[in-house]
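Next come the chains, spelled out residue by residue.
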Amino acid sequence: MKPMNVIPRTVCALFLALLLPRAACAAPIQAPAEPATASANAAWYQLLDFADEKEWENALRGTIELSPKVIITRDDGVEAWNTAALSGLPDKAPDTVNPSLWRHTQLNAAVGLFKVCDGIYQVRGYDMANATFIRTDNGWIVFDVLMCAENMKAALDLMEKHFGTVSVKAVLYSHSHVDHFGGIEGLISKNQVADSSLDIQSQLASGKIPIIAPEGFLEHAVSENIYAGTAMARRAQYQYGTLLEKGEKGSLAMGIGMGQSVGTVSLFPPTWEITQNTRRLTIDGLEIEFQLTPGTEAPAEMNAYFPKYRALWLAENCTGTMHNLYTLRGAQVRDGSAWAKYILEAEQLFGDTTDVVFQSHNWPHWGAEIKDYLLNTASVYKFIHDQTLHYMNKGLTPAEISRVIKLPDALERVWYTRQYYGTLSHNSKAVYQRYLGWYDANPVHLNLLTPQDSAKKLVEYLGSSRAVLEKARKDFEKGEYQWVAQITKELVFADPTDIEARNLCADALEQLGYQAESGTWRNAYLTGALEMRRGNQASRAKMARGLIKATMSELPLDMILDFLSVMSDSNAAQHDDLTLNITVTDTDEKYYIVRRHGVLLYYKGETRPDAEASLICSRAQLTAVFTGEEAKDVKVEGNPAVLTRLMKYSAPFKATFNIIEP
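These numbers were taken from a predicted model, which means no experiment stands behind them.

> Could you give me a rundown of the overall build of the protein chain, with the residues and numbers involved?
Of regular secondary structure, the protein chain possesses 23 helices and 21 strands. Its C-alpha radius of gyration of 26 Å places the protein chain within 12% of the 26 Å reference for a compact globule of 662 residues. Along the first, second and third principal axes, the C-alpha set of the protein chain runs to 75 × 70 × 55 Å. Across the protein chain, every contact between residues at least 6 apart in sequence was considered, and the portion connecting residues at least 24 apart equals 72%. Accessible surface, the protein chain: about 27500 Å² in total, of which carbon and sulfur atoms supply 53%. Within the protein chain, one finds 64 positive and 78 negative side-chain charges whose respective centroids are separated by 4 Å.

Below, the structure written as structure tokens:
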């Protein structure tokens, strides 16, 4: 049996008690691959056709300039982006990496400027998403502007190095996720944006720059980043591997790019939304036909066809990987059936007149490949949806479905739908959740004990955590890493100072990470191993800056009040009822607010004479009040203590809660 490098529990318990944040005792970090992992990974060379180099050809086709070692720094010195660690990877995967994921990472390391076709160019690998430049008669349309301003500025600089000054005629947001709109200030300034009160033709004629997005963009862009934003931010540390080093024992590519940038995020709202009634536009001589695809990869999303270039933009509906019906950071479950239908609709509408399909992640596909690319991708999402329902109606639970569902052999061999981002396992659970929710109909699961209470009872029944550990070590040696992680997690939740259990759980998670084909699963496993060994690491995670401020400034007042209610501890406030009028002077909005039994309610469009106080201010002042910033010259009539009482039970959330430990 392998030696365990264990320090006596009494010493570790004292060590843990003295340190904050809680950290595990010294343990080997980033262990080598176990024999079972090396064997499992080696088998992938027989499972998939690594001699098929078509995706290599697509990733490199149209290369104008390769710039693999891109390092982008914020003005405060923080490194916002770095691709250097994943450049120049050797051909054969090390034992610590699934060969399929290794190949995918090599493909994503093709960073630089590429020609899609005459008139359409992409900067790829300068952020998680692509920046796409499409030539008009007298300038350029930019489709998606990356996540962070620093990254978008670097992409623009690369484009201008080869094409001269980029005169932006319009900006298009493909959908409502931040990696497609957050970098806007790296491309244009606020004073260049067209007046949203004008119709689109007047905006285009004004000399200013319209920002065009699918219907419902703003609502979904801001709500996702606010209501559950803090929880998502902490969970995203696991999904995107922001606490991990890049490399063969750390984070690699994860389906839709190299990772998450941590520069400066902004939000310029759309000045025009595409609806079913406004699906065709001509911008500076370039005709565009839009296809709305709501409820697919994002609640608000659109494809676009460019007849002049015979080119079809697929947003994030086709991305060169299996995508998420449920994303691990958390989000609303997506509709696999609708996703497939919109891809088929795109093929039906534009397939016969399309020479190239391109998108917001990864690389294009050309010519004869297009039909298969569209149909295979649609088939994968339709299969996951339909087959999960098939198993549901046979009585299988989510865990059971995730273990038996398997793609048909022909789809299993398709490189551009491999499970680098989404997986069959968690996507099938998403379908179950969409139709039947969290409850699997077993009444034992109706009101479960907390994980910590369950773990304590389990250890009590098992009798000896030492005996459990000895059995778990034997299972570890046999390569049963999932079970070892499960059982040692119980020991940790029963006693977080049990260093032997923490280290063995970390060892098992690490091997699972080394074997994972999905980049996001790899990140989650390895981040879990890191925190099992060293305790909660959230405080050292690098984060993009400006997201909350950018989105809060664009929130409708209804949503701000809803978020205030989310932040409030209703139980603590249940004996402090109040009433308050709010009048927003510059937007002519009025609200009557009632806190009743701790619950915040509001009436839009009115104020009432019985209110204990009235707040009169501008929209910017109100945002400052609700975010805890200084708000000068705010007028309060009546009892000024009401405003203090309103905010008393609210505190900003922190993305530092525990995940892998109690």
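> Give me the packing of helix α11 (residues 369-392) against helix α14 (residues 424-436): which residues, what numbers.
The geometry of α11 relative to α14 is characterised by a closest axis approach of 9 Å and an angle of 65 degrees between their N-to-C directions. Where α11 crosses over α14, the handedness of that crossing is right-handed. Contacts between α11 and α14 involve F383, I384, H385, T388, L389 and M392 from the former and L424, N427, S428, V431, Y432, Y435 and L436 from the latter. Residues belonging to the contact of α11 with α14 are distributed by class as follows: 9 nonpolar, 4 polar and no charged.

> Which residues make up the environment of R413, and what are the values?
The topology assignment puts R413 in the loop between α13 (409-412) and α14. C-alpha separation for the pair R413 and L47, spaced 366 residues apart in sequence, amounts to 8.4 Å.

> Pulling in residues and values, what's your account of the packing of aromatic side chains?
Enumeration according to the criterion identifies 19 aromatic pairs in this entry. Geometrically, the ring pair formed by F143 and W313 is stacked, given 4.2 Å between the ring centres and 20 degrees between the ring planes. A residue pair is termed long-range when its members are at least 10 positions apart, and F143 in strand β7 (residues 140-143) and W313 in strand β14 (residues 311-313) qualify at 170 residues. Between Y305 and F350 the ring centres are 4.9 Å apart and the planes differ by 15 degrees, which places this aromatic pair in the stacked class. One end of the pair, Y305, is in strand β13 (residues 302-306); the other, F350, is in helix α10 (residues 336-350), and 45 residues separate them in sequence. F350 carries the same exposure label as Y305, and that label is buried. Through a chain of ring-to-ring contacts, three or more aromatic side chains come together here, namely F143, F306, W313 and F358. Here the guanidinium or amino end of R124 rests over the ring plane of F114, the centre of that ring lying 4.0 Å away.

> Can you lay out the nonpolar core for me, pointing to particular residues and giving the numbers?
One broad rule of soluble globular proteins: the nonpolar side chains tend to lie buried together. Core analysis: the biggest nonpolar cluster contains 84 residues, and Y126, F133, V171, Y173, I188, I582 and F626 have the highest contact counts within it. The dominant element in this core, judged by the number of residues it contributes, is helix α21 (residues 557-567), at 7 residues.

> Talk me through the pairing of strand β4 (residues 112-117); I want residue IDs and the actual numbers.
The side chains of a regular strand alternate between the sheet's two faces. In terms of burial, β4 is largely enclosed, as 5 of its 6 residues are buried. Examined bridge by bridge, strand β1 (residues 63-66) and β4 share 3 bridges and lie antiparallel to one another. Within the sheet, the bridge partner assigned to T63 lies in β4 and is F114. Direction of pairing for β4 relative to strand β5 (residues 120-124): antiparallel, over a ladder of 5 bridges. Considered in β5, the bridge of G112 is made with R124. In sequence, β4 turns back onto β5 through a hairpin of 2 residues, with G119 there showing a positive phi of about 100 degrees.

> Explain the pattern of salt bridges residue by residue, including any values.
In total, this model carries 37 salt bridges according to the counting rule given. A salt bridge links R74 to D76; the shortest N-O distance between them is 2.7 Å. A relative accessible area of 41% places D76 in the partly exposed class. A network of salt bridges, in which partner residues are shared, links R74, D75, D76, E150 and R545.

> An account of the sheet that holds β4 is needed here, citing residue identities and associated values.
If you trace the 8 strands from one edge of the open sheet to the other, you get β1-β4-β5-β6-β7-β8-β9-β10, paired in mixed fashion. The sheet terminates laterally at β1 and β10 (272-274), the two strands that pair on one side only. Taking the axes of each pair of neighbouring strands and ignoring which way they run, one obtains an average angle of 20 degrees across the sheet. Pairing between strand β8 (residues 168-172) and strand β9 (residues 211-214): 2 bridges, direction parallel. Across the sheet, V171 pairs through a bridge with I211, a residue of β9.

Parameters and conventions
- Residue numbering note: each chain is counted from 1, following its sequence as written.
- A pLDDT threshold of at least 70 governs which residues receive local features in this predicted model, and a stricter bar of 80 or more applies before side-chain atom pairs are shown or counted, although totals over entire chains, interfaces and linings include all residues.
- Heavy atoms throughout the structure, all of them, feed into the side-chain values; hydrogens and water do not.
- The helix count covers DSSP runs of H or I at least four residues long, the strand count covers runs of E at least two residues long, and both are numbered beginning at the N terminus.
- Our radius of gyration looks at C-alpha atoms and nothing else; its globule reference is 2.2 Å times the residue count to the power 0.38.
- The contact criterion used is simple: two residues touch if any of their non-hydrogen atoms lie within 4.5 Å.
- Note on areas: Shrake-Rupley, 1.4 Å probe, and residue coverage restricted to the protein chains presented here.
- Only four residue types enter the tally: Lys and Arg on the positive side, Asp and Glu on the negative side, with His and both chain ends excluded.
- Here the site of a charge means NZ on Lys, CZ on Arg, CG on Asp, or CD on Glu.
- Fitting a line to C-alpha atoms yields each axis, with helices limited to the stretch in contact; the angle taken between N-to-C directions then spans 0 to 180 degrees.
- Each helix crossing is assigned a hand: it is left-handed if the near helix lies turned anticlockwise from the far helix by less than a right angle, otherwise right-handed if that turn is clockwise.
- Amino acids are sorted into nonpolar (Ala, Val, Leu, Ile, Met, Phe, Trp, Tyr, Cys and Pro), charged (Asp, Glu, Lys and Arg) and polar (every other residue, Gly among them).
- Put simply, two rings from Phe, Tyr or Trp (the six-membered ring, in Trp's case) pair if the centres are within 6.5 Å, and we call them stacked under 30 degrees between planes, edge-to-face over 60, tilted for the rest.
- The buried label goes to any residue with under 20% of its type's maximum accessible area, the exposed label to any with over 50%, and the partly exposed label to all in between, with areas taken from a 1.4 Å probe on protein chains only.
- Look at NZ for Lys and CZ for Arg. If either is within 6 Å of the ring centre and within 35 degrees of the ring normal, a charge sits over the ring.
- Note on terminology: a nonpolar core comprises buried Ala, Val, Leu, Ile, Met, Phe, Trp, Tyr and Cys residues joined through side-chain atoms within 4.5 Å.
- Following DSSP output, two strands are said to pair if at least two bridges run between them.
- When a carboxyl oxygen of Asp or Glu is within 4 Å of a side-chain nitrogen of Lys or Arg, the pair counts as a salt bridge.

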